[in-house]
Amino acid sequence: DFIMIGLPYINSTFIDFNFKELHSSMGAIKGFFDHLRSNPGPVPYPWSNLENFDFQGKFTGYPDNFLATGFLATNLGDMIMDLSFKPDSIQGLDFRGRLNTRDFKLGAFLNQNELLASLDMDVMTEGNLHGGQIRANLEGSIDTLDFYRYAYSNIQLDGEFTNSTFDGGFTI
C-alpha cells in the first residue's frame, strides 16, 4: 500500500509506503536512487555486502528525509529498525534511531571476518555513512558479540563506533 503526494517532482514528493512483503536487492535499490542523483556510483560500502533482502514495514517521508520502521531479513542476518535516514548530496547517509539485530554477521558486513562474527544487539544509534566510512554513536545492550572467536554476552555500551575502532565505555 502506498501514497505519493507531489509527483512528478520526486525530490519534493511525500512518500508513505507500507510494505507487507518486499523482496529486493541492493543493486535494485541502487538503480532506483541512481535516477535521483546527478552522479551515480557503485553501491557504497558496507551496503554492497548485503545481497538480497526481505522487508516488512514502512517508509514514510521525503527522498532526502525519511523514516524506516520494520523487519529486515538479509543474507547477513535480521534487523528490527526504527530509524530516520537523511541522504545528502555527496552520496552520504545520516541516520538516527533504534536498531535491534539477531545473528547479524557484522564481520561480513564490515569486511572484518577475522575480527568479528555475529552480533545480537538492541541499541540507540546516531551517525553517518560517508565515502565508505561509518561513524555511529551507540548506546544500549549487546546480548552476544563474537569477537576473535569468543562469544561475549550481556554487554552494556556507550560510545562511538567506526569502521575500525570503538571509542567509549562498555561493561561485560
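Notes on the overall build of the protein chain
Then, in step 1: A tally of helices and strands in the protein chain yields two helices and ten strands.
Then, in step 2: Secondary structure elements of the protein chain, listed N to C terminal, follow the sequence β-β-α-β-β-β-β-α-β-β-β-β.
Then, in step 3: For a compact globule of 172 residues, the expected C-alpha radius of gyration is about 16 Å, and the protein chain comes in at 17 Å, within 12% of that figure.
Then, in step 4: Evaluated residue by residue, the protein chain yields a buried proportion of 38% over its 172 residues.
Then, in step 5: Counting contacts in the protein chain only where the partners sit at least 6 residues apart, residues at least 24 apart contribute 41% of the total.
Then, in step 6: For the protein chain, the exposed area adds up to about 10200 Å²; of that, 55% sits on carbon and sulfur atoms.
Then, in step 7: Taking the average place of the 11 positive charges on the side chains of the protein chain and the average place of its 22 negative ones, the gap between the two points comes to 3 Å.

Comments concerning the nonpolar core
Then, in step 1: Among the nonpolar cores identified, the biggest contains 33 residues, and Met81, Phe85, Leu99, Leu106, Phe109, Leu110 and Ile142 are the most heavily contacted of them.
Then, in step 2: Where this core is concerned, the elements lending two or more residues are strand 3 (52–62), strand 4 (65–74), strand 5 (77–87), strand 6 (93–105), helix 2 (106–109), strand 7 (116–130), strand 8 (133–147) and strand 9 (150–162).

Focus on the pairing of strand 10 (residues 166–171)
Then, in step 1: Here strand 9 pairs with strand 10 via six bridges, running antiparallel. Within strand 10, the position partnered with leucine 157 by the bridge is phenylalanine 170.

Structural notes on the side chain of asparagine 49
Then, in step 1: Counting through the fold element by element, asparagine 49 comes out in the loop between helix 1 (26–34) and strand 3.
Then, in step 2: When its relative accessible area of 19% is taken as the criterion, asparagine 49 is described as buried.
Then, in step 3: A polar contact of 3.2 Å, which involves the side chain of asparagine 49, links it to the backbone oxygen of alanine 108.
Then, in step 4: Within the structure, asparagine 49 has its side chain in polar contact with the backbone oxygen of phenylalanine 109 (distance 2.7 Å).
Then, in step 5: Leave out the neighbours within four places in its chain, and asparagine 49 touches Asn75, Leu76, Ala108, Phe109, Leu110 and Asn111.

Things to note about the sheet that holds strand 4
Then, in step 1: One open sheet accounts for ten strands, arranged 1-2-3-4-5-6-7-8-9-10; its pairing is antiparallel. Strand pairing shows two members of the sheet lacking a second neighbour, strand 1 (2–5) and strand 10, which therefore form its edges. Neighbouring strand axes in the sheet, compared pairwise and without regard to direction, differ in orientation by 20 degrees on average.
Then, in step 2: With nine bridges connecting them, strand 2 (residues 14–25) and strand 3 associate as antiparallel partners. If you follow phenylalanine 19 over to strand 3, its bridge partner there is glycine 57.

Re the packing of aromatic side chains
Then, in step 1: Evaluation of the coordinates by the stated rule reveals 13 aromatic pairs.
Then, in step 2: Members of the aromatic cluster, each reached through a chain of ring pairs, are Phe2, Phe17, Phe19, Phe55, Phe59, Phe66 and Phe85.

Considering the pairing of strand 7
Then, in step 1: Note that strand 6 and strand 7 share eleven bridges and pair antiparallel. Counted as the bridge partner of glycine 97 is threonine 125 from strand 7.
Then, in step 2: Pairing analysis gives 13 bridges linking strand 7 to strand 8, with the strands arranged antiparallel. Each residue of the ladder has a partner; that of aspartate 120, found in strand 8, is threonine 144.

Comments concerning the pattern of salt bridges
Then, in step 1: Enumeration over the complete set of coordinates arrives at five salt bridges.
Then, in step 2: For aspartate 16, the salt bridge identified is with lysine 58, shortest N-O distance 3.6 Å. With aspartate 16 in strand 2 and lysine 58 in strand 3, this residue pair connects regions lying 42 residues apart in the sequence.
Then, in step 3: Here glutamate 160 and arginine 135 are joined by a salt bridge, their closest N and O atoms 3.3 Å apart. One end of the pair, glutamate 160, is in strand 9; the other, arginine 135, is in strand 8, and 25 residues separate them in sequence.

Rules and cut-offs
- Residues numbered from 1 in each chain as written.
- Predicted model: local features only at pLDDT ≥ 70, side-chain atom pairs only at ≥ 80, totals over all residues.
- Heavy atoms only, no water.
- Helix = DSSP H or I, 4+ residues; strand = E, 2+ residues; numbered from the N terminus.
- Rg over C-alpha atoms; globule rule 2.2 N^0.38 Å.
- Buried < 20%, exposed > 50% of the residue type's maximum accessible area, 1.4 Å probe, protein only.
- Contact = heavy atoms within 4.5 Å.
- Areas by Shrake-Rupley, 256 points an atom, 1.4 Å probe, with all protein chains shown as cover.
- Lys, Arg positive; Asp, Glu negative; His and termini not counted.
- Charge placed at Lys NZ, Arg CZ, Asp CG, Glu CD.
- Core = buried A, V, L, I, M, F, W, Y, C linked by side-chain atoms within 4.5 Å.
- Pairing = 2+ DSSP bridges.
- Polar contact = N/O pair within 3.5 Å; in protein donor to acceptor, adjacent residues only side chain to side chain.
- Axes fitted to C-alpha atoms, helices over the stretch in contact; angles between N-to-C directions.
- Phe/Tyr/Trp six-rings, centres within 6.5 Å; stacked < 30°, edge-to-face > 60°.
- Salt bridge = Lys/Arg side-chain N within 4 Å of Asp/Glu carboxyl O.

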